[in-house]
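Coordinate inspection notes
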Amino acid sequence: MNKTSFNTNSLFLKFSRAIKEKKYVEAKNILEKILSINPNIFEANHNLAILSLQIGDIDNSILYFEKSKKLNPKFSQVYFNLALAYDKKGEVDKALINFKKVVELDSNNSLVLYNIGHLYIKKIDIDNAENYLQKSLELNPNFILAYHELFSLYDRSNQLEKYKDLLNKIKKLLKDKKVVNVYFAFYEYRKKNYKATIELLKDLDLEEKYFHQTITKHGILAKSYDKIKRFDEAYYHYKINNDLVNKYYGKDIKEKNFIKYVNNRINFFKDFNSENWSISKEKSEFHDPIFLIGFPRSGTTLLDTILRTNKLVEVIEEKPILKNFLINLEKKTNNDLGQLGNLDQEYIQKMQNFYFDERKKYQQNKNSKIVIDKMPLNIIHIGEILRFFPNAKFVFALRNPYDCVLSCFMQQFQLNPAMKNFLSINSSAILYNLVMQLWTIYRKVFSINCHFVKYEETVLNFEKTTKDIYKFLDIIWSDETKNFYKTGKDRLDISTPSYDQVTSPLYSKSVNRWKNYEKEFEGVKNLLDRWANEFDYKI
């Protein structure tokens, strides 16, 4: 054994000890030292990639996985891990490429097929998602997680006949009948048999390993008790549901980071003078963009579905168009809002082009006359939007602050630093208050071309409200607008939490719903009353 081999073997032993003792920084330093001796050792590159992924250094993990792939192109685990890293970074297409490479090397891997199906759900590619989930289940007929994903897919895409067929199938295939009961209960819920749903679930005790189904159980119970007006029991199960979501999905997500992010904007713009920005008067070669904004659960998905009844309108639903734009911008400004005033016209034009190029990636109909970028919390980025698009249009969805906060608490979102604030009524109200403070500041310092749409007015005075929206957008209203819920039923790609509400005619049960849970708002009335008065809601 030569000296180099001895040194690297000795370092690998130290690395193993550091990992066992959970000394991850030390372990990372040891691997980097090995690679300084010989940069082409596969085990060092692959382990450093895995370690980087575990500690959240996604870019470095991708760098070392890519190198590992070149050093050992037949090792399927590298592609699997690289796909996980790209998925965490939000680069779904690259994740898919690497998962599909695993399938080439190992065609009988049901977990990989499941992951591919899951990624196609993220892309809202229903057919491919269904295909890969079914392939996963063919290889592993007792793969509970794949069933869970497929049931969710059929539910969210309003394919209840397929949901029922899958129910009949799992009765014979799944060994654990308690899990089967969860999906039968959800089917009963969708058929509006709420008491039958409760009977199936109320005494159902699932094992710890079935935490997905346990979360689903409490969510369905909460909704069912709400439907039959047993509100204390409904709140109890909503709270358990959210606590479980936090336990299993929220541990490493810092919700206070988003609060800090909004506060930074409040502190910057509250003393801001828009004359500090030299805004070009030249007309862009593009149409000025249109944004559908508002606090989550304010009726943006309802407006989205209504607007889609007009064939000239395309609504791009909750895609990272502005997010990618801001990532690019923040590199230029080093996350310093003060640098927004130092941008030259060439860079502004470049970023305008960047935004529209990003938007085109998600357009289904390239010939749409009106394209609307729908992402409710883009409301916090109005300052950056107006820096580049001073004539942008905004449709602002408003709803009674109490109903809005309650709905956020009741809805299960995919967790991120913003959405994690919705796990309690208290933290939801705190975020609502901050976002509306920021909105008020924006209105004082900028001239914003904005049309307000109250959810309640859409429900109670549909024709007038929708005609006013159409007038603002310069499009023609027709009686077909009244059949918006048929548009919703025809869509297999409703990816927001409101998917089950926009496939039915309008109803008024969601107006002043918060009064059923009034005692839960005692601690936040001081925050929400201000905005109820501001937006002319009677409490």
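The following paragraphs examine the structure supplied in this document. Everything numeric here is computed off the predicted structure, so don't read it as measured data.

Section: the overall build of the protein
- The helix and strand inventory of the protein stands at 25 helices and five strands.
- Computed over its C-alpha atoms, the radius of gyration of the protein comes to 26 Å, within 12% of the 24 Å expected for a compact globule of 539 residues.
- In terms of overall dimensions, the protein has C-alpha extents of about 85 × 65 × 50 Å along its principal axes.
- Within the protein, the proportion of its 539 residues that are buried is 52%.
- Excluding contacts between residues fewer than 6 apart, the proportion of contacts in the protein whose partners are at least 24 apart in sequence is 68%.
- As displayed, the protein has an accessible area near 26,600 Å², and 47% of this comes from carbon and sulfur atoms.

Comments concerning a positive patch on the surface
- There is a patch of like positive charges on the surface, built from K192, K227, K229 and K509.
- Note on placement: K192 falls in the loop between α11 (177–190) and α12 (194–201).
- Look at K192 and you get exposed, because its relative accessible area is 59%.

Section: the environment of Y163
- Looking at the secondary structure, you find Y163 in helix α10 (residues 160–173).
- Residues Y163 and L150, 13 residues apart in the sequence, show an inter-C-alpha distance of 8.4 Å.
- Ignoring anything within four residues of it in the chain, the contact list for Y163 reads F151, Y154, D155, Y183, F186 and Y187.

A short note on the sheet that holds strand β1 (residues 290–294)
- Read from one edge of the open sheet, five strands run β2-β3-β1-β4-β5, paired in parallel fashion. Every interior strand has two partners, whereas the edge strands, β2 (313–317) and β5 (449–454), have only one. Taking each pair of neighbouring strands and ignoring which way they run, the sheet shows an average axis angle of 25°.
- Here β1 runs beside strand β4 (residues 393–398); their pairing, made up of five bridges, is parallel. Pairing of F291 across the sheet is with F394, part of β4.
- This element, helix α18 (residues 345–362), spans β1, β2 and β3 (370–374) of the sheet and lies at about 95° to β2.

Brief notes about the side chain of S407
- Mapped onto the elements, S407 comes out in helix α20 (residues 401–410).
- A relative accessible area of 6% places S407 in the buried class.

Let's talk about the pattern of salt bridges
- Tallied over the full model, the rule gives 29 salt bridges.
- Across the pair E66 and K69 runs a salt bridge whose closest N-O atoms are separated by 3.0 Å. Separated by three residues within a single helix, E66 and K69 lie in helix α4 (residues 58–71), roughly one turn from each other.
- Note that E255 and K420 form a salt bridge whose closest N and O atoms lie 3.3 Å from each other. With E255 in helix α15 (residues 255–269) and K420 in the loop between α20 and α21 (425–445), this residue pair connects regions lying 165 residues apart in the sequence.
- On the basis of relative accessible area, K420 is assigned to the buried category, the value being 10%.
- Each of D59, K89, E91 and K94 takes part in a single network of salt bridges with overlapping partners.

What to know about the nonpolar core
- By size, the foremost hydrophobic cluster in this structure holds 148 residues, and its most contacted members are F394 and F521.
- Residue contributions to this core peak at 12 residues, all from α21.
- Leave out the neighbours within four places in its chain, and F521 touches Y402, V405, L406, I425, W514 and L528.
- Core analysis: the second largest hydrophobic core is formed by 24 residues, I370, I372, F462 and F472 among them.

Notes on the environment of E207
- Here E207 is to be found in the loop between α12 and α13 (211–227).
- On the basis of relative accessibility, which here comes to 45%, the residue E207 falls in the partly exposed class.
- As for E207 and K178, which are separated by 29 residues in sequence, their C-alpha atoms are 9.3 Å apart.
- Among residues more than four places away in sequence, those in contact with E207 are D176 and T214.

About the criteria used
- Residues numbered from 1 in each chain as written.
- Predicted model: local features only at pLDDT ≥ 70, side-chain atom pairs only at ≥ 80, totals over all residues.
- Heavy atoms only, no water.
- Helix = DSSP H or I, 4+ residues; strand = E, 2+ residues; numbered from the N terminus.
- Rg over C-alpha atoms; globule rule 2.2 N^0.38 Å.
- Buried < 20%, exposed > 50% of the residue type's maximum accessible area, 1.4 Å probe, protein only.
- Contact = heavy atoms within 4.5 Å.
- Areas by Shrake-Rupley, 256 points an atom, 1.4 Å probe, with all protein chains shown as cover.
- Patch = residues over 30% accessible without salt bridge, like charges linked within 9 Å, V, L, I, M, F, W, Y side chains within 5 Å.
- Salt bridge = Lys/Arg side-chain N within 4 Å of Asp/Glu carboxyl O.
- Lys, Arg positive; Asp, Glu negative; His and termini not counted.
- Charge placed at Lys NZ, Arg CZ, Asp CG, Glu CD.
- Pairing = 2+ DSSP bridges.
- Axes fitted to C-alpha atoms, helices over the stretch in contact; angles between N-to-C directions.
- Core = buried A, V, L, I, M, F, W, Y, C linked by side-chain atoms within 4.5 Å.

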